[in-house]
Amino acid sequence: MAASYEADSDEEGHAATPTQPTNGGAASKLPSGWHGRLWFMWVGKTKTSYLEHYTNHNAFTRNGVHYVQWLDVFINVQGRPVIFGWKMLAILILASVMTWIAMDDITNTVLDDGINKDTLAFLTFGLSLLLVFRVGQSYNRYNEARVHWGMMVNRTRDICRQFWTYCDDAAINKRATKWTIAFVYACKQSLRWKTECNELLPILGANDVHRLNSADHMPVYCMEQISACISDALKKRLIDTQTAYMIDRNITSFEDQIGASERILKTPVPYGLVLHLRFLIVLYVICLPLFLVTALHWGTIPVTVIFAYTLTGLEDISQEIENPFREAWHALPIGGICQAIENNLLEIEARQLQNQSKA
């Protein structure tokens, strides 16, 4: 299948993202060289994982794997937290007001005299501990979700291989393959709080998609259909009970993986912890100008804004990867994983059908 572009732009006006190539020849159609690198850093799609941005820069980027280069540090826009927005404007106003108070002795209170380094050091220590914990917890959730989806990749390949190897009925095997593909797409939609899976129309057809969309829990419905394939093969004596049990263990694994993903989705980092961390960040932004103003005077304002951006940026990224299933630049590439599973399973099906036709 040749690489293609989804569209010139999506409904939100973002530039199109090239879809992943499935063979070496298609890679030539991807953005390459400086064009590909700058497209990744400046344009891309904000609601698509950076691991689903494919460029022809090298073998890694052709498969959506991007490592941070030194050039990214200076000019990458897409990968950074928002620089210009209401939050940074509020920080700029707050830093300006606190600097003005300390410079012109506005309040006739202790604020006019600034604060000493020991006071700021105690606040820095507490803020650092909370921030490190916050980033660590968010990344643990991101990594755990990737492990579960990696296991899903393995189990889908396994169950498709088992059907085509042990069950001598192409119709049943095709049904099992299409519902296994449907399962991963249903998981993606379910984890994004979406109730329709119309992208499966080419795989399932209109009637099956309608029944799938009518289900309260789409992944469970797909698992039921795969189980029905096992049952049909068992009734026709195409497989024995031991083989049926072996195949069914993969369906049990499916249930475990989607259950674990739903746990991550529905149990965010404790609300009070994040609230208190953000309170400390605001408090730090208030106190920092009172410490810096003696040495920097009005230069305190830009220094405070830059330092506040580093703190709030870490918190923003932590919040984004806290839910790794969302449609965001720093999220997991579950759309790409679904596409890879679909390609793998259809390849297995095509190869098995070809082998059967030769037999």
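Residues numbered from 1 in each chain as written. Predicted model: local features only at pLDDT ≥ 70, side-chain atom pairs only at ≥ 80, totals over all residues. Heavy atoms only, no water.

Novice: Is there a simple way to explain the overall build of the chain in this structure?
Specialist: When you go through the chain residue by residue, the secondary structure sums to twelve helices and zero strands. Helices and strands appear in the chain in the N-to-C order α-α-α-α-α-α-α-α-α-α-α-α. Within the chain, buried positions represent 44% of all 359 residues. Taking the contacts inside the chain whose residues are at least 6 apart along the sequence as the reference set, 72% of them involve residues at least 24 apart. Entry remark: accessible area of the chain is about 18900 Å², with carbon and sulfur atoms responsible for 60%. (Helix = DSSP H or I, 4+ residues; strand = E, 2+ residues; numbered from the N terminus. Buried < 20%, exposed > 50% of the residue type's maximum accessible area, 1.4 Å probe, protein only. Contact = heavy atoms within 4.5 Å. Areas by Shrake-Rupley, 256 points an atom, 1.4 Å probe, with all protein chains shown as cover.)

Novice: Would you mind showing me how to read the packing of aromatic side chains here?
Specialist: Each aromatic ring pair is described using two quantities: the centre-to-centre distance and the angle formed by the ring planes. Tallying each qualifying case throughout the model produces four aromatic pairs. Ring geometry for Tyr-139 against Tyr-142: centres 6.1 Å apart, planes inclined by 25 degrees, an arrangement best described as stacked. Of this pair, Tyr-139 and Tyr-142 both sit in helix H4 (residues 117-166), three residues apart, which is roughly one turn of the helix. Take Tyr-139: its relative accessible area is 44%, and that puts it in the partly exposed class. Overall, Tyr-142 belongs to the buried group, its relative accessible area being 12%. (Phe/Tyr/Trp six-rings, centres within 6.5 Å; stacked < 30°, edge-to-face > 60°.)

Novice: Is there a simple way to explain the confidence of the model for the chain in this structure?
Specialist: The predicted structure's coordinates, where accompanied by low pLDDT, should not be read in detail. Confidence in the prediction for the chain averages 85 pLDDT; 87% of positions are at 70 or higher. The low-confidence segment residues 1-19 (pLDDT under 50) makes 49 contacts with residues lying over four places distant or belonging to another chain. Between residues 21-28, whose pLDDT stays under 50, and residues either more than four places distant or in other chains, the model counts 14 contacts. (pLDDT = per-residue confidence, 0-100.)

Novice: Before we go on, may I ask you to explain the pattern of salt bridges in this structure?
Specialist: When the charged atoms of two side chains lie near each other, side chains of opposite charge can form a pair. A full pass over the atoms with the stated rule returns 15 salt bridges. We note a salt bridge from Lys-87 to Asp-316, for which the minimum N-O separation is 2.1 Å. Of this pair, Lys-87 sits in helix H3 (residues 86-104) while Asp-316 sits in helix H11 (residues 300-322), and the two are 229 residues apart along the sequence. Two residues, Arg-211 and Asp-208, come together in a salt bridge whose shortest N-O distance is 2.6 Å. Note that Arg-211 and Asp-208 are positioned in helix H7 (residues 206-214) at a spacing of three residues, about one turn of the helix. Exposure remark for Asp-208: the relative accessible area of 13% places this residue in the buried category. (Salt bridge = Lys/Arg side-chain N within 4 Å of Asp/Glu carboxyl O.)

Novice: Can you help me understand the nonpolar core in this one?
Specialist: Soluble globular proteins tend to bury their nonpolar side chains together. The biggest cluster of nonpolar side chains holds 51 residues, and the ones touching the most others in it are Trp-149, Phe-163, Phe-183, Leu-200, Leu-212 and Phe-325. Those elements giving two or more residues to this core turn out to be H4, helix H5 (170-191), H7, helix H8 (218-235), helix H9 (241-266) and helix H12 (334-358). If you look at the next biggest cluster of nonpolar residues, it comprises 13 residues, including Leu-127, Ile-281, Cys-287 and Leu-292. (Core = buried A, V, L, I, M, F, W, Y, C linked by side-chain atoms within 4.5 Å.)

Novice: Teacher, can you tell me more about unusual backbone geometry here?
Specialist: Negative phi values dominate among residues other than glycine, just as trans dominates among peptide bonds. Residues other than glycine seldom take positive phi values, yet Trp-193 does so here, at roughly 60 degrees. Locating Trp-193 in the fold gives a position in the loop between H5 and helix H6 (201-204). Within the chain, His-297 stands out as a residue other than glycine whose phi angle is a positive 55 degrees. Within the secondary structure, His-297 sits in the loop between helix H10 (271-296) and H11.

Novice: Can you walk me through the packing of H5 against H9 in this structure?
Specialist: Any two packed helices are characterised by how steeply their axes cross, that is the angle between the axes, and by the distance between the axes. Where H5 meets H9, the axes come as close as 11 Å, and the angle between the chain directions of the two elements is 10 degrees. Classed by the angle they form, the pair H5 and H9 counts as roughly parallel. Along its contact with H5, which presents Thr-180, Phe-183, Cys-187, Ser-190 and Leu-191, the element H9 presents Phe-254, Ile-258, Ser-261, Glu-262 and Leu-265. Of the residues assigned to the contact of H5 with H9, the class counts are six nonpolar, three polar and one charged. (Axes fitted to C-alpha atoms, helices over the stretch in contact; angles between N-to-C directions. Parallel < 35°, antiparallel > 145°, perpendicular 65-115°, else oblique. Nonpolar A, V, L, I, M, F, W, Y, C, P; charged D, E, K, R; others polar.)

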